[in-house]
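# Breakdown of the fold
The chain contents come next:
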Amino acid sequence: SQQGEEDPQALSIQEGENATMNCSYKTSINNLQWYRQNSGRGLVHLILIRSNEREKHSGRLRVTLDTSKKSSSLLITASRAADTASYFCATDVGLYYTGANSKLTFGKGITLSVRP
Amino acid sequence: DTGVSQNPRHKITKRGQNVTFRCDPISEHNRLYWYRQTLGQGPEFLTYFQNEAQLEKSRLLSDRFSAERPKGSFSTLEIQRTEQGDSAMYLCASSLAGYWELFFGSGTQLSVL
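One structure accompanies this document, and this report is about it. (Residues numbered from 1 in each chain as written. Chains lettered and ligands numbered in written order. Predicted model: local features only at pLDDT ≥ 70, side-chain atom pairs only at ≥ 80, totals over all residues. Heavy atoms only, no water.)

### A few points about the overall build of chain A
- When helices and strands are counted, chain A shows zero helices and eleven strands.
- The N-to-C order of helical and strand elements in chain A reads β-β-β-β-β-β-β-β-β-β-β.
- Evaluated residue by residue, chain A yields a buried proportion of 49% over its 116 residues.
- The long-range fraction of contacts in chain A, counting pairs at least 24 apart against all pairs at least 6 apart in sequence, stands at 58%. (Helix = DSSP H or I, 4+ residues; strand = E, 2+ residues; numbered from the N terminus. Buried < 20%, exposed > 50% of the residue type's maximum accessible area, 1.4 Å probe, protein only. Contact = heavy atoms within 4.5 Å.)

### Here we look at the overall build of chain B
- In terms of helices and strands, chain B carries zero helices and eleven strands.
- Rg of the C-alpha trace for chain B: 13 Å, near the compact-globule value of 13 Å for 113 residues, within the 12% margin.
- Considering only C-alpha atoms, chain B reaches an extent of 40 × 25 × 25 Å along its principal axes.
- Among the 113 residues that make up chain B, the fraction classed as buried is 46%.
- Across chain B, every contact between residues at least 6 apart in sequence was considered, and the portion connecting residues at least 24 apart equals 52%.
- Of the roughly 5600 Å² of accessible surface on chain B, a fraction of 45% belongs to carbon and sulfur atoms.
- Side-chain charges of chain B comprise 13 positive and 12 negative groups, with the mean position of each set lying 6 Å from the other. (Rg over C-alpha atoms; globule rule 2.2 N^0.38 Å. Areas by Shrake-Rupley, 256 points an atom, 1.4 Å probe, with all protein chains shown as cover. Lys, Arg positive; Asp, Glu negative; His and termini not counted. Charge placed at Lys NZ, Arg CZ, Asp CG, Glu CD.)

### Side note on the nonpolar core
- Among the nonpolar cores identified, the biggest contains 23 residues, and A:Met21, A:Leu32, A:Trp34, A:Leu74, A:Ile76, A:Tyr87 and A:Leu112 are the most heavily contacted of them.
- One finds B:Val4, B:Phe49, B:Ala88 and B:Leu110 within the second-largest nonpolar core, a separate group that totals 19 residues. (Core = buried A, V, L, I, M, F, W, Y, C linked by side-chain atoms within 4.5 Å.)

### Observations concerning the state of the cysteines
- Applying the stated criterion to the full structure yields two disulfides over all chains.
- Here A:Cys23 is linked by a disulfide to A:Cys89, with a sulfur-sulfur distance of 2.0 Å. In this structure, the disulfide formed by A:Cys23 and A:Cys89 twists by about 65° around the S-S bond and is classed as right-handed. Of the two residues, A:Cys23 is situated in strand β3 (residues 19-24) and A:Cys89 in strand β9 (residues 85-92); the sequence distance between them amounts to 66 residues. For the residue pair A:Cys23 and A:Cys89, the accessibility class agrees, reading buried in each case.
- B:Cys23 shares a disulfide with B:Cys92; S-S distance 1.8 Å. Judged by the torsion about the S-S bond (-70°), the B:Cys23/B:Cys92 disulfide is left-handed. A residue pair is termed long-range when its members are at least 10 positions apart, and B:Cys23 in strand β3 (residues 19-24) and B:Cys92 in strand β9 (residues 88-95) qualify at 69 residues. In this pair, the class of B:Cys23 matches that of B:Cys92, namely buried. (Disulfide = S-S within 2.5 Å.)

### Concerning the environment of B:Ser94
Residues and elements named next belong to chain B.
- As for its position among the elements, Ser-94 is in strand β9.
- Exposure remark for Ser-94: the relative accessible area of 0% places this residue in the buried category.
- Note: C-alpha distance between Ser-94 and Asn-7 (87 residues apart in sequence) is 15 Å.
- Leave out the neighbours within four places in its chain, and Ser-94 touches Val-4, Pro-25, Ile-26, His-29, Arg-31, Leu-32, Tyr-33, Glu-101, Leu-102 and Phe-103.
- At 3.5 Å, the side chain of Ser-94 forms a polar contact with the backbone nitrogen of Ile-26. (Polar contact = N/O pair within 3.5 Å; in protein donor to acceptor, adjacent residues only side chain to side chain.)

### A closer look at unusual backbone geometry
- At the junction of B:Asn7 and B:Pro8, the peptide bond is cis and its omega measures out at -10° in the coordinates.
- In this structure, A:Lys70 takes a positive phi of about 50° despite not being glycine.
- Along the chain, the position of A:Lys70 falls in the loop between β7 (61-66) and β8 (71-76).
- A:Lys70 gets classed as partly exposed once you look at its relative accessible area, which sits at 27%.

Written out as structure tokens, the structure reads:
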């Protein structure tokens, strides 16, 4: 079963606009990660936020985490055509004290299209 | 090579045949994972290794599936008596124990006719 559910399923924006994607999950987590996947390729790690963090930035990416609502959002600012891809949130419920990352659970993904 | 390598990239087989995929992780990574992804879905966990030990297997991994990592380096995933429902992208990922980020290969696309 899939832990994370992204919203919306598809998003189409103009280059230069901001893109906001949301993820909800069901159980307590150690951390939440966002990955990007270009068509027919593997996934690329974008950013990780730990369960005790509320906001994190990396370049044009901003991720927030609300553990009380079991939700996260990913904001991509000043989008580019090259940002066109599928975006997945993934949660880790492994044994934190072992640093385990045994089984990331992914959502179904959001398809982002950035029009030039 | 600085990335995770998977071979072959594409595999077309007939129902009932056996197939084997190979994954070469990033050399210093001691953890290796197999995921399966179908169209329009996120990756689903199949199994993972720490060094040569297979530590967890998903219930998705039926008896027809077997994975090995004999020397704690590369891994193979074998599917016996393939079925059309096995058609999917099989993704391999690696990481260092204690680090959360997974590094994925480009996957092997399996089509069972």
